Every structure is written in structure tokens, then in C-alpha cells.
Amino acid sequence: MNQPRSKKIDVHGWIVLDKDFDQTSTQAVSQVRRLFNAKKGGHAGTLDPRATGILPIALGEATKTVPFVMDGRKTYRFTVAWGAETATDDTEGEVTARSEIRPARADVEALLPRYTGEIMQVPPKFSAIKVDGERAYDLARDGEEVTLEARPITVETLSLIAFSETEAEFEAECGKGTYVRAIARDIGRDLKCLGHVTALRRTRVGPFGEDDTVTLAELRELADGKITGQSLEDALLPVEAALAEVPEVKVTRDIAARLVRGQSAILRGRDAPIDGPAWASAGGDPIALCEVERGELVPKRVFVFAA
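Residues numbered from 1 in each chain as written. Predicted model: local features only at pLDDT ≥ 70, side-chain atom pairs only at ≥ 80, totals over all residues. Heavy atoms only, no water.

**Focus on the packing of aromatic side chains**
Overall, the coordinates contain 3 aromatic pairs when judged by the stated rule. Relative to Phe208, the ring of Trp14 lies with its centre 5.4 Å away and its plane at 50 degrees, an arrangement referred to as tilted. With Trp14 in strand β1 (residues 13-19) and Phe208 in strand β13 (residues 208-209), this pair connects stretches of sequence that are 194 residues apart. Classification of Trp14 by relative accessible area gives buried; the value is 0%. (Phe/Tyr/Trp six-rings, centres within 6.5 Å; stacked < 30°, edge-to-face > 60°. Helix = DSSP H or I, 4+ residues; strand = E, 2+ residues; numbered from the N terminus. Buried < 20%, exposed > 50% of the residue type's maximum accessible area, 1.4 Å probe, protein only.)

Pasting the structure below:
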């Protein structure tokens, strides 16, 4: 006889997961939700299955703050092997072209400025971008020809960390929508040596860095009570952790009540933020995601924490 499933509960906060190799982002979210028995959860930016590192997972009301994390800067370390291009631009796909050419370090370094700033990039065919309502990687796996248009991305920095005749390691700080696999592919093509990513690790997403991370193995140990003096909830970061780079407006309980009802409030004082996104708090508790418009605090999304 099947055991009845336990009732899902309200859990609010962030898990900054150090994602395992060969695991999809969706699988990671499902496993974290299962450990917490959480009603609602999602991630702030897909990480390739064969990539490791930071996958921020929002639970409960934290899902309302996901856009602020996704819009933040991301930092990656990645290794590019020279001499072959693959269908997926990493080790998962079949080799589609080879080259006997191997670049000199000086040639690689001279090329890097071309890949910094605002540039145009054609995403990999095996990516989560939608084409006529379908994910590009689903179409590509079904053998359909996928044509993706170049789009603007921003790469703040791109540095060569290590170099050998067969491979090179890079670090990139970039904005939303950047595909590191495409950077590796295009550098290989420009150097005529071809290349693909053999290792990829995300080390920062918005306000979250490696010091904030926890692994699935550690979460399981917490859930099983194997770590003395700590519980699973101790791994949760607060909802407002995602808003570290957004101005906070501290309000009274009376004003908080207005915001919760969807009513705006007039801001007073020289420290009021200028027009743009902000979040309101009262007594240390997050109240609402807002916009400051002409001196008024206008609620856009209100936090609802079940008692």
C-alpha cells in the first residue's frame, strides 16, 4: 500500500545551491523542494547540466524576488579545449569539426578585448531559448535545424587564467543572457583552432557568492539530523537576501498596512531613494517590492507570509 504524501508546507527563503555535475537545474530545484517539503520553488537562472556552481533556488515568497537575482552580474570560470568543436559547444555533444591549429597565448590574449563590453552573440543551438514556443535544445535533440539570431549581451571582464597548448582557462563576468559556451565556440573559430568547453563553474550570481553555497549532500545531512546543533532551516537565507543591491525603504507599520492594501505612500526625507525599484520593510520584515515614482512608494508585489 502506498504511503500518503505529506502535506506541502510554506517555506520562504533562498538556498544558494552548489549544483552537482550532470544534474539539470530543474532536477536540483525538485530535490531541494522535496527536502524542505516546500509548496513553491524555482531557480534564478538555468545552469547547464554539466556545469557546477551557484544555482540560486527561491522557495515560497522568495520567488517574487527572482528577477532581481537573474538581472544581476554572473561570474564563471571555464576551460576551453582546443582542436574540436561540438554540437553542444561542450563535452555533451558529438564532435562536428576538428582543427590541427593550436593558438599561441599572445594570440588568445590579443583577442579578448573583442569579447568584452556590449557585443552580439549567437546562442548555442542546445540552449533554453524558445523558438516558436519550443526550447531550442528540444528541437536540436529531435534533429531539427535550429537557427538562432544574434543578440546583444554584456561581458564586463574576460580574463585568461591559465594556458597550455591543448587548453586554456578563463574567467568571465557577464550580464543576463550570456552563454559561456558560445564565447568558447567563437574564440575557437576566430583563432581557427576551434574549441569547446570542458569544465564550467559559476562562482557568483547577483548578490550570491561561493561563501553562501550549500551542496545537496549537506542539505541531506541537515535533513537527517546528522549535523549536531543545526537544522535544515539553518541553510535558508532570508527572502531579502536577493535584494542586497536594491534600495531598502524602512516604513512604519501604518505605512506598511497601506502598502499591503496596494496603496502608495509619500516618501519624506532627504534619504529617500530616487525613482526606480526599491523594497519596503517594517520592523525588520520585508513588506513589498515597490517602485519609487515622483516621491511616492508604489507597491508592485506584496509579500504574504502565512502564519
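**Here we look at the pattern of salt bridges**
The full count for this structure, using the stated rule, is 16 salt bridges. Glu156 serves as the salt-bridge partner of Arg73, at 2.7 Å between the closest nitrogen and oxygen. Highlighted residues: Arg73 in the loop between α2 (66-70) and β4 (74-82) and Glu156 in strand β10 (residues 151-163), separated in sequence by 83 residues. For the salt bridge of Arg77 with Glu171, the shortest nitrogen-to-oxygen distance reads 3.2 Å. With Arg77 in strand β4 and Glu171 in strand β11 (residues 167-174), this pair connects stretches of sequence that are 94 residues apart. Given a relative accessible area of 27%, Glu171 falls into the partly exposed group. Connected via shared salt-bridge partners are Asp18, Arg201 and Glu210. (Salt bridge = Lys/Arg side-chain N within 4 Å of Asp/Glu carboxyl O.)

**Overview of unusual backbone geometry**
Outside of glycine, negative phi angles account for most residues, and trans bonds account for most peptide bonds. Positive phi is not limited to glycine here, since Asp22 has a value of about 60 degrees. Structurally, Asp22 is set in the loop between β1 and α1 (25-36). Even without glycine at this site, Asp89 takes up a positive phi of about 70 degrees. The topology assignment puts Asp89 in the loop between β5 (84-86) and β6 (95-98).

**Points about the packing of α1 against helix α6 (residues 216-223)**
Running from amino to carboxyl end, α1 crosses α6 at an angle of 10 degrees, the nearest separation of the two axes being 10 Å. In terms of orientation, α1 lies roughly parallel with respect to α6. Every pair of crossing elements has a handedness; the one defined by α1 and α6 is left-handed. Residues Gln31, Val32, Leu35 and Phe36 of α1 touch α6, and the partners they reach there are Leu216, Leu219, Arg220 and Ala223. In the contact of α1 with α6, the residues fall into 6 nonpolar, 1 polar and 1 charged. (Axes fitted to C-alpha atoms, helices over the stretch in contact; angles between N-to-C directions. Parallel < 35°, antiparallel > 145°, perpendicular 65-115°, else oblique. Left-handed = near helix turned anticlockwise from the far one by under 90°. Contact = heavy atoms within 4.5 Å. Nonpolar A, V, L, I, M, F, W, Y, C, P; charged D, E, K, R; others polar.)

**A word on the nonpolar core**
One finds Ile15, Phe36, Phe78, Leu158, Phe170 and Leu219 to be the most contacted residues of the largest nonpolar core, which totals 45 residues. Excluding its chain neighbours within four sequence positions, the residues that come into contact with Phe36 are Ile9, Val11, Ile15, Leu59, Leu219, Leu232, Glu233 and Leu236. If you look at the next biggest cluster of nonpolar residues, it comprises 18 residues, including Ala58, Leu243, Leu289 and Phe303. (Core = buried A, V, L, I, M, F, W, Y, C linked by side-chain atoms within 4.5 Å.)

**Quick word on the sheet that holds strand β17 (residues 285-293)**
Here we have 5 strands laid out as an open sheet, ordered β14-β16-β17-β18-β15, and mixed in their pairing. Single-partner strands in this sheet number two, and they are β14 (248-250) and β15 (265-266). Taken strand by strand, helix α7 (residues 253-260) contacts β15, β16 (276-282), β17 and β18 (296-302), and its axis lies near 70 degrees from that of β17. (Pairing = 2+ DSSP bridges.)

**Regarding the side chain of Thr65**
Structurally, Thr65 is set in the loop between β3 (52-59) and α2. The exposure class of Thr65 is buried, given its relative accessible area of 0%. Of note is the side chain of Thr65, whose polar atom sits 3.3 Å from the side chain of Trp14. Only 2.7 Å separates the side chain of Thr65 from the backbone oxygen of Ala62, close enough to count as a polar contact. When neighbours within four sequence positions are excluded, Thr65 is seen to be in contact with Trp14, Val239, Ala242, Leu243, Leu289 and Phe303. (Polar contact = N/O pair within 3.5 Å; in protein donor to acceptor, adjacent residues only side chain to side chain.)

**A short note on the environment of Gly195**
Within the secondary structure, Gly195 is located in strand β12 (residues 195-205). Exposure remark for Gly195: the relative accessible area of 1% places this residue in the buried category. C-alpha of Gly195 to C-alpha of Asp18: the two residues are 177 residues apart in sequence and 26 Å apart in space. What Gly195 contacts, discounting residues up to four positions off in sequence, is Val80, Ala81, Trp82, Ala84, Glu85, Ala184, Arg185 and Gly188.

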